[in-house]
Amino acid sequence: GRGTEPLEELLEACRHIPHLVLSYGNAATQPHDLERLVARHRHDVRMEVLRYQHLAGLASEESRERNREVLISAGRGR
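Residues numbered from 1 in each chain as written. Predicted model: local features only at pLDDT ≥ 70, side-chain atom pairs only at ≥ 80, totals over all residues. Heavy atoms only, no water.

Draft legend 1. A look at the pattern of salt bridges. Within this structure, the stated rule accounts for three salt bridges. Ionic pairing is found between glutamate 8 and arginine 40, a salt bridge with its closest N-O pair at 2.5 Å. You can see glutamate 8 sitting in helix H1 (residues 5-13) and its partner arginine 40 sitting in the loop between helix H2 (31-39) and strand E2 (46-51), a full 32 residues away along the chain. The class for arginine 40 is exposed, based on a relative accessible area of 53%. Notably, a salt bridge pairs arginine 36 with aspartate 33, separated by 2.4 Å at the nearest N-O pair. With arginine 36 and aspartate 33 both in helix H2 and three residues apart, this pair spans about one turn of that helix. (Salt bridge = Lys/Arg side-chain N within 4 Å of Asp/Glu carboxyl O. Helix = DSSP H or I, 4+ residues; strand = E, 2+ residues; numbered from the N terminus. Buried < 20%, exposed > 50% of the residue type's maximum accessible area, 1.4 Å probe, protein only.)

Draft legend 2. A look at the sheet that holds strand E3 (residues 68-74). Across the sheet, three strands lie side by side as E1-E3-E2; this open sheet has antiparallel pairing. The open sheet has two edge strands, strand E1 (20-25) and E2, and neither has a second partner. Sheet twist, expressed as the average angle between the axes of neighbouring strands with direction ignored, equals 15°. As judged from the six bridges shared by E2 and E3, these two strands associate in the antiparallel manner. Looking across to E3, one finds that methionine 47 is bridged to isoleucine 72. (Pairing = 2+ DSSP bridges. Axes fitted to C-alpha atoms, helices over the stretch in contact; angles between N-to-C directions.)

Draft legend 3. Structural view of the packing of H1 against H2. Relative orientation of the contacting elements H1 and H2 amounts to 35°, with a least axis distance of 10 Å. Between H1 and H2 the crossing geometry is right-handed. In contact with Leu7, Glu8 and Leu11 of H1, H2 contributes Leu34, Leu37 and Val38. (Left-handed = near helix turned anticlockwise from the far one by under 90°. Contact = heavy atoms within 4.5 Å.)

This is how it looks when you write it as structure tokens:
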């Protein structure tokens, strides 16, 4: 989709880098969709989704429930 085009370009541009770590905070794309996208470009993809509190005093309950950091590490390019 349109939201992932910059990531596709980034993954293509860094093919020569042997190990990659990406971090997304509250990405509009679902975590497993990001994982699949990276797996199309890289080997040994691992993902971890972490909950976190961001501006807890100002955020709504719904926003606090959605706050996630998505960490993806991946090996060499395909």
